[in-house]
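Structure at a glance
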Amino acid sequence: MRDIAVVGIGMTKFGELWQQSLRDLFVEAAMKAIDDAGVDHIDSMYVGSMTPGLFVGQEHIGALMADYLGAAPVPAMRVESACSSGGMALRAGFFEVASGYSDIVLVGGVEKMNDGADVTYALATAADQEYEVYQGVTFPGLYALIARAHMHAYGTTHEQLAAVSVKNHKHGMMNPNAQFPREITRDQVLKATVIADPLTILECSPVSDGAACAIIAPIEIAKKLGKPVIKIIGTGAATDTIALHARADITTLNAVKQSAMAAFKMAGKQPKDIDLAEVHDCFSIAEICIIEDLGFTEKGKGGEFTEKGHTGISGQIPVNTSGGLKSKGHPVGATGIAQVVEVTEQLRGTAGKRQVKDAKVALTQNMGGSGASSVVHIFQKEV
Amino acid sequence: MAGIVGYGSYLPRYRIKVEEIAHQWGRDAVAVKRGLMLQEKTVPGMDEDTITISVEAARNALKRAGIPPSEIGALYIGSESHPYAVKPSGTVVAEALGVVPEVHIADFEFACKAGTEAMFVAHALVKADLVKYAMGIGADTSQGAPGDALEFSASAGGSAFIFGKDDIVAEVLNTYSYTTDTPDFWRREGAFYPLHGGRFTGEPAYFKHILGAGTAILEKGGYKASDFAFAVFHMPNGKFPLTAGKKLGFKQEQMEPGWIVPLMGNTYSGSSPTGFSATLDVAKPDDLILLVSFGSGAGSDAFVFRVTDRINEVRDKADKLKDMLEGERFYLDYGEYAKYRGKIIMND
C-alpha cells in the first residue's frame, strides 16, 4: 500500500443552517477542501451520509454532489454506516488511493437534519428495528442504559458524566465552526431537562446541519503541495452486535476496541503515543466508554480521568479539542470528516486558541449506532 | 391624521398553570417555565369563543371611544379560531354591538397576525375617508395539541381598536408590513390542532419577520429604539419577544408593560394587540409606541403610534388589562381544562 496524506480540508459551520440545502452544504465544504489542497482536479469522491432519504427525501447523493460540485464525470458514491458514515468514507477513499488506482480523492460527509423530518425516528433506524426500536427505545434511551450500567459497575457519577459536556463546551467556545460555542457549568448540565435518565439535554449531541470534506493523496503529491504533510498511518474498523442487549458487557464498546487495535497495529503506535484525539461523544457516557476502550485510561476510570482534567487541551491526552459532537454539533454523516478537519488543523499547527502544543500524532474515532460500528484513523505529522 | 379613538380588551377568568400541564405529561415544570418564561395561561369558559371575546373587547373599546356604534362603517376580526369555517364571526359581533346593517365586515386569518391585519385595514379605510370609524379586532381561543409545547402557551383573549379621525387617543404615524412564504406553522382544513416546524419557527420565521419589519419601520420613520417609550412584539412565549426587542435595541423596561405573556399565554391573533392595549393603559401623552405582530406563514405588521392627551380622559372608562390579568382568577386542573377545551370526546 502507498503512503497517504491529507492534503486539503474544509467544512461548513455546523448548526441550524436554514438557508443552506444538503447540496449547498456539501459543495461549500468540498470547494474549501479543494482550495485548501490547491489541486486542480479530483479523481473520485466518496460522500458519507447517514440518511438523506429520511431527512430531506434525497438519495443517490454521490452523483448529486459530483454534479453540483462540477466534478462529473468522476466516479462518486455514498458511503453509509449510520453516524460513522464520514469515517467510513475516508476509509473507502484511503484504500482507493493506497491501492494505486487513484491519486487525488475527495472524501466528505454531509447531513441536513433540520428540514422538518422526524429526526428521532430517522436516527433510530440505526438501531435494531426488530428488537430495539419496536419496543420504543431511542438512542438517548440506549446510551442512558449504558450510563446506568457504567455507574453501577464502576461507581461512575453523574458529575463525572457532566464533566465531559463541560469540557467539550469549553473547547467548542474556541471553534468558530461550532454550533454551541458557549461555556456551560456542571450544575447547568445536571439540572437541565432530563432526556433519558440520567442523561440531560446538555449530555446529548444536538441536531445539526453541516458538511466536512478532506482531500487525500499519495505522499509524493502531498509533498509538492507546500503544506505540512499529515500522513494517515493507520486505519481500523470493526463491528459489534447491532442490538445493545446482545452484548456480554454493555459498558464496553467492543467495536471501538477492535477498530483501535487494528489502527494502532497498522500505525505501529500505542495509546500513549497519541497527542490528541477526536472521539464520538454523541452522549456524555459515550466519551467515557470510548477513552477507556481506546486505552487512554483503565476500564472504569474514564469518569474520574475526565473529571481530573486529563482530557482537556493541556491535559495528558486532549480529547475533542474541536468541542466534539456536543458543542461543535453532530450532522451525523459529516462528523467523521469534521474530526479529520480538526486533527489536521492541530497537526498543521493552525488550530488557533485550541492548539495542542507540539502535536505530532492524532487519532480520530467515529461510531455508528450504539457502537455497532466504529472506525479509527491515526494521523502523523511528517517531519 | 387617523388613529385609535377607543381600545379595549377581554380575557377569560379561567387559568391553568404550567405546573398542571407539565404534571399531566410528565414534563419538568421548572425547566418549561425557565425555557418558555411562562407561568400560567388563560382558558376560555365553556360558553366563550372568539365571538364572545370579540364582543367583550369591542364593548370596552366603545366605552372608551364614546361613539355611537352605528357610526362604525367597517368591522374586521382576525382570528385563527373563528367558530365557523363558513359564516362570519363579524356579523354576530356587529349585531351584538348594534353596528349593523350599514357596515363592511370580514373575518381575517393569517395565523397570529390576523389581529393586526384587521387593525391595518381598519386604519387604512379611515385614513382614506371611506368610513368614519372602523374597528379592528384580534381574538382567539388558541389551539395547541395535547402534549405539544404549544399547550403551555395557547390561550384565550382579545382586543379591539376603533380607528377614526376625531378625538384620537393614539395617532398612527407609520405602518409597515413584511411578508414571505415561510411555512413554519399551519393547520389544515379539518385538523383539530396546528402543526409546526419545531425550531424552524424561531430564526427563519419569528425573528426574521419581526426583525425585518421592526428594522424597516424604524429606518422608514427615522427612529431610534430610544425614541420610544414602549415596544410590543408578538408573544408566542416569554423569551422570543424579549430577544427580538433587545436585538432591535430596546430595553426590557420599554417592553415590560406589554410583555403580558407570562400570565396570559399566547392569545395568537390577540397576542400583540392585547400587549399594546396593556401598554396604552399605562402610556402618557406624547409617548411613542412600537407594535410589531407576527403571523406564521409568515409575516409581520408594524405600527408606530403617538399617544395623545386624550389617553388620560379615556383610560379609566373601561377595565384595564392588568386588572383582568391579575384580578379574580379561577384555576383549573387538567381534567377541568380538558373538559373546558372540548378535549373529552362524547357520543353526541
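What counts, and where the lines are drawn
- In this convention, every chain numbers its residues from 1, walking through the sequence in written order.
- Lettering for chains starts from A, numbering for ligands starts from 1, and both go in the order in which the items are written.
- Restriction of local features to residues with pLDDT of at least 70 applies here, the model being predicted, together with a cutoff of 80 or more for giving and counting side-chain atom pairs; totals for whole chains, interfaces and linings are based on all residues.
- Secondary structure elements are taken from DSSP: a helix is a run of H or I of four residues or more, a strand is a run of E of two residues or more, and numbering for both begins at the N terminus.
- Radius of gyration means the value over C-alpha atoms here, while the globule rule gives 2.2 Å times the residue count to the 0.38 power.
- Exposed residues have 12 or fewer other C-beta atoms within 10 Å of their own C-beta, buried residues have 20 or more, and residues in between are partly exposed; the C-beta atoms are placed from the backbone.
- A residue pair is marked as a contact if its C-beta atoms, positioned from the backbone, fall within 7 Å.
- Geometry is summarised by axes, namely lines fitted to C-alpha atoms with helices restricted to the contacting stretch, and by angles between N-to-C directions that run from 0 to 180 degrees.
- For classification purposes, an angle smaller than 35 degrees is called roughly parallel, one larger than 145 roughly antiparallel, one from 65 to 115 roughly perpendicular, and anything else oblique.
- For this classification, Asp, Glu, Lys and Arg are treated as charged, while Ala, Val, Leu, Ile, Met, Phe, Trp, Tyr, Cys and Pro are nonpolar and the rest, including Gly, are polar.
- For the domains described, the bounds stem from an automatic or database domain assignment.
- What makes a nonpolar core is a set of buried Ala, Val, Leu, Ile, Met, Phe, Trp, Tyr and Cys residues, with links drawn between C-beta atoms within 7 Å.
- Only when DSSP finds a minimum of two bridges between them are two strands counted as paired.
- Each helix should span, by expectation, one fewer than its residue count multiplied by 1.5 Å.
- Residue-level confidence of the predictor is what pLDDT reports, using numbers from 0 through 100.

A word on the overall build of chain A
- The helix and strand tally for chain A stands at 14 helices and eleven strands.
- Relative to the 2.2 N^0.38 estimate, which gives 21 Å for 383 residues, the radius of gyration of chain A is 19 Å and therefore close to what a compact globule would have.
- Along the first, second and third principal axes, the C-alpha atoms of chain A reach 55 × 45 × 35 Å.
- Counting every position in chain A, which comprises 383 residues, the buried fraction comes to 60%.
- Once local pairs closer than 6 in sequence are excluded, the contacts in chain A between residues at least 24 apart make up 77%.

Digging into the packing of helix H4 (residues 85-98) of chain A against helix H14 (residues 332-348) of chain A
All names here are of chain A.
- Put simply, H4 and H14 touch, their axes get as near as 5 Å, and they point 60° apart. If you check the angle between H4 and H14, you find them oblique. Side by side, H4 and H14 meet where Ser85, Gly86, Gly87, Ala89 and Leu90 of the first sit next to Gly333, Ala334, Thr335, Gly336, Ile337 and Val340 of the second.
- Class assignment for the residues of the contact of H4 with H14 results in five nonpolar, six polar and no charged.

Concerning the domain arrangement of chain B
Residues and elements named next belong to chain B.
- Domain boundaries in chain B define domain 1 (3-169 + 311-340) and domain 2 (170-307).
- Across the contact, 49 residues belong to domain 1 and 44 residues belong to domain 2.
- Mapped onto the side of domain 1 that touches domain 2, the elements with two or more residues apiece are strand E1 (3-10), strand E3 (40-43), helix H5 (114-127), strand E6 (133-141), strand E7 (156-164), helix H11 (311-314) and helix H12 (321-326).
- Its residues placed into classes, the side of domain 1 that touches domain 2 shows 21 nonpolar, 19 polar and nine charged.

Digging into the nonpolar core
- Judged by nonpolar contacts, the single largest core of 122 residues is most densely connected at A:Ala214, A:Ile215, A:Ile216 and A:Ile337.
- When residues in this core are grouped by element, the largest group, nine residues, is from helix H1 (residues 22-37) of chain A.
- Mapping this core onto the domain boundaries places at least three of its residues in each of domain 1 (4-118 + 208-224) and domain 2 (120-205 + 233-381) of chain A.
- Contact partners of A:Ala214, with chain neighbours within four places excluded, come to A:Val6, A:Gly8, A:Ile9, A:Ala33, A:Leu90, A:Val107, A:Ile337, A:Val340 and A:Val341.
- If you look at the next biggest cluster of nonpolar residues, it comprises 106 residues, including B:Ala57, B:Phe110, B:Val172 and B:Phe294.

Notes on the environment of A:Ser21
Residues and elements named next belong to chain A.
- Inspection of the secondary structure puts Ser21 in the loop between strand E1 (4-11) and H1.
- In this structure Ser21 comes out as partly exposed when scored by C-beta crowding, with 16 C-beta atoms within 10 Å.
- Spatially, the C-alpha atoms of Ser21 and Pro52 are 11 Å apart, while their sequence positions differ by 31 residues.

Remarks on the sheet that holds E6(B)
Residue and element names in this part refer to chain B.
- The nine strands lie next to each other as E5-E4-E6-E7-E1-E8-E13-E12-E11, forming an open sheet whose pairing is mixed. Both outer strands of the open sheet, strand E5 (104-108) and strand E11 (230-233), are each paired with one neighbouring strand and no more. Averaged over all adjacent pairs, the angle separating strand axes in this sheet is 20°, with direction ignored.
- As defined by bridge partners, E11 adjoins strand E12 (residues 288-292) across four bridges and the pair is classed as parallel.

Things to note about the pairing of E1(B)
Residues and elements named next belong to chain B.
- Of all eight residues in E1, eight are buried, a share of seventy percent or more.
- Sheet topology note: the E1/E7 ladder contains seven bridges and is antiparallel. By the bridge assignment for E7, Tyr7 is matched with Phe161.

Overview of the environment of A:Asn366
Residue and element names in this part refer to chain A.
- With respect to the secondary-structure elements, Asn366 resides in strand E10 (residues 361-368).
- Its 35 C-beta neighbours within 10 Å are what place Asn366 among the buried residues.
- A sequence separation of 85 residues divides Asn366 from Asp281, and the C-alpha atoms of the two residues are 9.0 Å apart.
- Other than its neighbours up to four places away in sequence, Asn366 contacts Ser84, Gly86, Gly87, His280, Thr335, Gly336, Gln339 and Val375.

Observations regarding unusual backbone geometry
Residues and elements named next belong to chain B.
- Cis peptide bonds are those with omega within 30 degrees of zero, and the linkage from Val100 to Pro101 qualifies with 0°.
- Locating Pro101 in the fold gives a position in the loop between helix H4 (89-97) and E5.
- Of note, the phi angle at Lys87 is positive, near 125°, even though the residue is not glycine.
- Here Lys87 is to be found in the loop between strand E4 (72-78) and H4.

Re helix H10 (residues 271-280) of chain B
- Of all ten residues that make up H10(B), ten are buried, and the element is covered over most of its length.
- Within the span of H10(B), buried status applies to B:Ser271, B:Ser272, B:Pro273, B:Thr274, B:Gly275, B:Phe276, B:Ser277, B:Ala278, B:Thr279 and B:Leu280.

A word on the domain arrangement of chain A
Residues and elements named next belong to chain A.
- Looking at the assigned domains, one finds that chain A contains domain 1 (4-118 + 208-224) and domain 2 (120-205 + 233-381).
- Domain 1 puts 39 residues into the contact, and the matching count from domain 2 is 36 residues.
- Broken down by secondary-structure element, the contributors of at least two residues to the side of domain 1 that touches domain 2 are E1, helix H2 (52-56), H4, strand E4 (105-112) and strand E7 (209-218).
- A per-element tally of the side of domain 1 that touches domain 2 places H4 first, with eight residues.
- In terms of residue class, the side of domain 1 that touches domain 2 is made up of 21 nonpolar, 13 polar and five charged.

What about the interface of chain A and chain B?
- Of the residues lining the interface, six residues belong to chain A; the matching set on chain B comes to seven residues.
- A class-by-class count of the residues in the side of chain A that touches chain B yields two nonpolar, three polar and one charged.

What about helix H6 (residues 139-154) of chain A?
Residues and elements named next belong to chain A.
- Spanning 16 residues, H6 covers 22 Å between terminal C-alpha atoms, matching the ideal 22 Å at 1.5 Å per step.
- Within H6 the residues assigned to the buried category are Phe139, Pro140, Leu142, Tyr143, Ala144, Ile146, Ala147 and His150.
- In this structure, the buried side of H6 is in contact with helix H5 (119-124), helix H7 (158-172), strand E5 (194-196), strand E6 (199-200) and helix H11 (284-293).

Some words on the confidence of the model for chain B
- Across chain B, pLDDT averages 96, with 100% of residues at or above 70.
- As a predicted assembly, this complex carries a pTM of 0.85 together with an ipTM value of 0.71.

Quick word on the sheet that holds strand E2 (residues 14-17) of chain B
All names here are of chain B.
- Strand order in the open sheet formed by three strands is E3-E2-E14, and the pairing between neighbours is mixed. Only two strands of the sheet have a single partner each, and these edge strands are E3 and strand E14 (330-331).
- In the sheet, E2 pairs with E14 via two bridges, with the strands oriented parallel. Of the residues in E14, the one forming a bridge with Tyr14 is Phe330.
- The strands touched by helix H1 (residues 18-25) are E2 and E3; relative to E2, the strand with the most contacts, the crossing angle is about 55°.

Some points on the pairing of E1(A)
Residues and elements named next belong to chain A.
- Among the eight residues in E1, eight count as buried, and that is most of the element.
- Where E1 meets E7, seven bridges bridge the pair, whose relative direction is antiparallel. Paired with Ala5 across the bridge in E7 is Ala217.
- As judged from the three bridges shared by E1 and strand E8 (residues 230-239), these two strands associate in the antiparallel manner.

A closer look at the environment of B:Ala225
Residue and element names in this part refer to chain B.
- Relative to the helices and strands, Ala225 resides in the loop between helix H6 (202-221) and E11.
- Owing to 16 C-beta atoms within 10 Å, Ala225 belongs among the partly exposed residues under this scheme.
- Along the sequence, Ala225 and Gln254 sit 29 residues apart, while their C-alpha atoms lie 9.3 Å from each other.
- The contacts of Ala225, once residues within four sequence positions are left out, are Leu248, Gly249 and Phe250.

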